[in-house]
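Listed here are the chains, written in short residue letters.
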Amino acid sequence: MNSSYCFVGAQAFVDGSLQAPADFWVENGKWVPGPVANAEMIEANGAWIIPGLFALGVDFQEPIRDDVYTLKDGLEAMRRGGFAEALYESAANPVDDIQKLKAMQDACGKSGLAFHFLGALSVGHQGKALAEMLELASGGVVGFGDGDHFPSGLRFLRLAMEYASMTKMRCFFQPSEKSLVGKGCVHEGHFSDMLGMQGIPAQAETIAVHQILELAGWLQVPVHLKQISCAESLNLIRHARARGVDVSCDVSVNHLLFDDSGLFELDTNTRLLPPLRTLTDREALWQGLSDGTVQAISCAHHPVLPQDKDTNFEDAVPGAVSLEIAFAALLPEALLRMKSGRNALIRLFVEGPAQILGVPVRSLALGHDEPFFVFSPGEERLVKMSDFAGQVHNSPMLGKTLRGRVLGTMFDGSWRTNLWK
Amino acid sequence: MSFLETKHLLGLRGVSRNDLRTILDTAKQFREILDRPVKKVPSLRGITVVNLFFENSTRTRISFELAEKRLSADSVNFTSSSSSLTKGESLLDTMKNIEAMKIDLVVVRHKGTGVPAFLARHSGAIIINAGDGANEHPNQGLLDIFTMEQKYGSMEGRVVTIVGDVRHSRVARSNIWGLHTLGAKVRLCGPATLMPRNRNFFEAAGVEFISDIHQALDGADAVIALRLQKERQEDSLLPTLREYRNFFGVTSEALQHAKPEVLIMHPGPINRGVEIDSSVADGPNSVILDQVTNGVAVRMAVMYLLSGGRADE
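Quantities reported herein were computed from a predicted structural model and do not represent experimental measurements.

Visitor: Could you clarify how one ought to interpret the side chain of Asn139 of chain B in this entry?
Guide: Residues and elements named next belong to chain B. Note that Asn139 resides in helix α5 (residues 138-152). On the basis of relative accessible area, Asn139 is assigned to the buried category, the value being 0%. Asn139 has contacts with Leu9, Phe64, Ile128, Asn129, Ala130, Val298, Arg299 and Val302, leaving out every residue within four places of it along the chain.

This is the structure we're talking about:
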């Protein structure tokens, strides 16, 4: 089996930007100066060679949904999207003790992809009893969080952050004040009122953001806010950072692509938590990416059974998958909205998550065997069900046009193509 | 009239170095008396002491009672469950009634911070704090220091590590203030949820906060393991006793970082296998039972000096 390749005329992402087209030689997974005898020549004119992306917000729903979506499917989704590394947060099986952590590390360790784990702040993500965070830290978690559960009591939130502070690791929160979320299923605004659907006000997020930032500043605990969806939340983050609070945040792929103006279609794949907000919010999220307020983009990859989406909007299970199409779907908007959009987008997927977690940033370097993928930015195609791994396809991008696709991955030293059916 | 600069012993914070020295030096003489065949001296004959224990106590109350008997004082005991307080009488009225009985010295323990100070303001009697809330337990601090001085002579420059629930510990606070006054360096180690949050006053006293027990014990001359109330777990301050023991327990493994001659101390009662391992509590460096013995001598000295006596009389 050939283990030497030449990607002819490719643009490699090195030192933070895509370089001029050149032949990119690889031997046994390592970038080498070349030429290499007997190397397989792969036409890559106009294609980009990008270090494996880092996925935030990954939960393959194992073990309770293994009839529909398994770890294997999740890994396949990552490969199709060019993701070589992920922060895994299991809602179904919270990592709240060392045995669960070891089980997750064992399961994912054989995948050839790199996984990091968040330890739970509380047992079972219930917000009642502290998890054994010190032991989890010694076992290798990179931070702490209770998935999408937000503690209902501020006292517990304070204690959890205080206890976690001993590890110096970041606490992750999805800010959401439950009592304001209620049974809401869409953003509370013009469209929810026109459709008569119960809304979730932006204040459900901003109030929680404010609480977390106040505690983080007081207790001097680094925090990360997941899937920020409102313009005002970003303002709160900016103000907090200006007064010294160590806060990072991400926004999700789908909140960058869609807003509540599309609600009339009543596509249950747009039923998300937090809900899609207004166009103004969406534009503010892009602005946040441009000005550095937001450090990373989250995939918020959440498989949902087809039958749980094939229902009326209110009763549909919230969530969307996005690993497979995230980078390609965002690229056109990034080119329009961000300075040096293609490089900025790559950095947000490669450097941002690693910097948030304090783990090494992947970068291509001569003589090194960093995983990478080859992306062809020009191809336009419709997103179809078979693009998604497993038996799910709950993406609002379904049926929409995608620009670009992953041609192949060089993960774990082996070149793989034919990622798409 | 007190032979100390202070009229009462409400805490060790603010007590002068001279007073501490006088108490500790006097306690040495009483400690010798406790080794005699006849352990009783007439020093407080004619002095009436009331032990006002509004909180449950066994060893502290017995220690005070013994000290009073050894000094030939007349003592009476009072517990809140058997008092008029259960019938709605205020603390002040209870105190005034007791005072009307011509009490000279009051030993008081109460769950409320500042109760001894309150009684001192409203009473002509001498007040000795036997523990108020999480504020101070000055006699425990003194007997701990006394026990350390038995080994080291002076505490000047010595390193004392206090491990555990400092936030809720009156023992820790009295030790901190007393040790600081006598020139020792104090380190505090424990889960962040059980540590004082606002550290300026402590840090001004040279106290170091170290969450890693190995670092906290590095070069320590003495370690005081604090009792961990198991309710702290129910109160969400701790994940599990297992994790507490693994990361903050005073174990043989953790002690490898301390000096070989490190003193092992505990105010009691001990949760074996939680804050301290049995092999350590019962080991050759343990002075836990010495603390108990020394407690009587220190209390004798405190009562004696506050009452105006001198040990060599």
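From this point on, the discussion continues.
Visitor: Just to check I follow, could you spell out the sheet that holds strand β5 (residues 159-163) of chain B for this structure?
Guide: Across a sheet, paired strands are connected by hydrogen bonds in the backbone, their directions being either parallel or antiparallel. Residues and elements named next belong to chain B. Spatial strand order, β7-β6-β5-β8-β9: 5 strands in an open sheet with parallel pairing. With one partner strand each, in any of the chains shown, β7 (208-209) and β9 (263-265) form the two edges of the open sheet. One ladder, built from 3 bridges, connects strand β8 (residues 222-225) with β9; its direction is parallel. Each residue of the ladder has a partner; that of Ile224, found in β9, is Met265. Here α5 sits on the sheet and contacts β5, β8 and β9; the angle it forms with β9, its principal contact strand, is near 165°.

Visitor: Help me understand the nonpolar core, please; the structure alone is not making it clear to me.
Guide: For soluble globular proteins, nonpolar side chains are generally found buried alongside one another. Counting 136 residues, the largest nonpolar core has Phe115, Phe173, Leu225 and Phe349 of chain A as its most contacted members. By size, the runner-up hydrophobic cluster in this structure holds 65 residues, among which are Leu4, Phe53, Ile128 and Val166 of chain B.

Visitor: Before we go on, may I ask you to explain the interface of chain B and chain A in this structure?
Guide: Accessible area lost when the parts come together is the quantity often used to give the size of an interface. Every contact between the two is made by 18 residues of chain B and, on the other side, 18 residues of chain A. Carbon and sulfur atoms supply 51% of the area that chain B and chain A bury against each other, a total of about 1500 Å² over both sides. Interface area lost by chain B to chain A is led by Arg197, Ser236 and Glu243 of chain B, which between them contribute 35%. In this structure, the connection of chain B to chain A is made through 5 salt bridges. For the salt bridge of Arg155 of chain A with Asp235 of chain B, the shortest nitrogen-to-oxygen distance reads 3.3 Å. In this structure, the connection of chain B to chain A is made through 12 residue pairs in polar contact (both at pLDDT 80 or more).

Visitor: Explanation requested: helix α4 (residues 154-164) of chain A in the structure shown.
Guide: A turn of α-helix holds 3.6 residues, and therefore any two residues three or four places apart point the same way. Most of α4 of chain A is tucked away: 8 of the 11 residues are buried. Every buried residue of α4 of chain A is accounted for by Phe156, Leu157, Leu159, Ala160, Met161, Glu162, Tyr163 and Ala164 of chain A. Buried residues in α4 of chain A make contact with α3 (133-139), β10 (143-145), β11 (170-173), α7 (203-219) and β14 (223-225) of chain A together with α10 (241-248) of chain B.

Visitor: Would you take a moment to explain helix α1 (residues 17-33) of chain B for this structure?
Guide: All names here are of chain B. With 17 residues, α1 should reach 24 Å at 1.5 Å per residue; the first-to-last C-alpha distance of 25 Å fits that figure. The complete set of buried residues in α1 reads Asp19, Leu20, Ile23, Leu24, Thr26, Ala27, Phe30, Arg31 and Ile33. Those residues of α1 that are buried are in contact with α5, α6 (170-181) and α13 (288-306).

Visitor: Would you mind going over the domain arrangement of chain B with me for this structure?
Guide: Residues and elements named next belong to chain B. What the domain assignment lists for chain B is domain 1 (17-136 + 292-306) and domain 2 (138-291). Just the C-alpha atoms count here: the centres of domain 1 and domain 2 sit 25 Å apart. Taken together, the contact between domain 1 and domain 2 spans 29 residues of the former and 29 residues of the latter. Contact between domain 1 and domain 2 buries roughly 2200 Å² in total, counting both sides, with carbon and sulfur atoms accounting for 55%. Three residues, Arg17, Glu136 and Asn294, lead the burial of domain 1 against domain 2; their summed loss comes to 27% of the area buried on that side. Between the two partners, domain 1 and domain 2, sit 3 salt bridges. With a shortest N-O distance of 2.7 Å, Glu149 and Arg21 are connected by a salt bridge. There are 19 residue pairs in polar contact (both at pLDDT 80 or more) connecting domain 1 and domain 2. Among the elements of the structure, α1, α2 (59-70), β3 (105-110), β4 (126-132) and α13 are those that each provide at least two residues to the side of domain 1 that touches domain 2. With 8 residues, α1 is the single largest residue contributor to the side of domain 1 that touches domain 2. Grouping the constituent residues of the side of domain 1 that touches domain 2 by class yields 11 nonpolar, 8 polar and 10 charged.

Definitions and limits used
Residue positions are given per chain, counted from 1 along the sequence in the order it is written. Chains and ligands are labelled sequentially in the order written, the chains with letters from A and the ligands with numbers from 1. Where local features are concerned, this predicted model is filtered to residues with pLDDT of at least 70; where side-chain atom pairs are given and counted, the filter is 80 or more; whole-chain, interface and lining totals use all residues. Excluded from the side-chain calculation are hydrogens and water; included are all heavy atoms of the structure. Note on conventions: DSSP H or I runs of at least 4 residues are helices, E runs of at least 2 residues are strands, and numbering of each starts at the N terminus. Accessible area is worked out with a 1.4 Å probe on protein chains only. A residue is then buried under 20% of its type maximum, exposed over 50%, and partly exposed in between. Whether two residues are in contact is decided by their heavy atoms: any pair within 4.5 Å suffices. Two strands qualify as a pair provided that DSSP identifies no fewer than 2 bridges between them. The axes used here are C-alpha line fits, helices contributing only the stretch in contact, and every angle between their N-to-C directions lies in the interval 0 to 180 degrees. The nonpolar core is taken to be a set of buried Ala, Val, Leu, Ile, Met, Phe, Trp, Tyr and Cys residues, with the residues joined through side-chain atoms within 4.5 Å. Note: buried area is the sum, over both parts, of the accessible area (probe 1.4 Å) each one loses when the two are combined. Within this document, salt bridges are pairs made up of a side-chain nitrogen of Lys or Arg and a carboxyl oxygen of Asp or Glu, the two lying within 4 Å of each other. Definition of a polar contact: a pair of N or O atoms within 3.5 Å, with one able to donate and the other able to accept a hydrogen when the atoms are protein atoms, and with sequence-neighbouring residues admitted only if both atoms are side-chain atoms. Residue count minus one, scaled by 1.5 Å, sets the expected span of a helix. Each domain span listed reflects an automatic or database assignment of domains. Under the scheme applied here, ten amino acids are nonpolar (Ala, Val, Leu, Ile, Met, Phe, Trp, Tyr, Cys and Pro), four are charged (Asp, Glu, Lys and Arg), and all others, including Gly, are polar.

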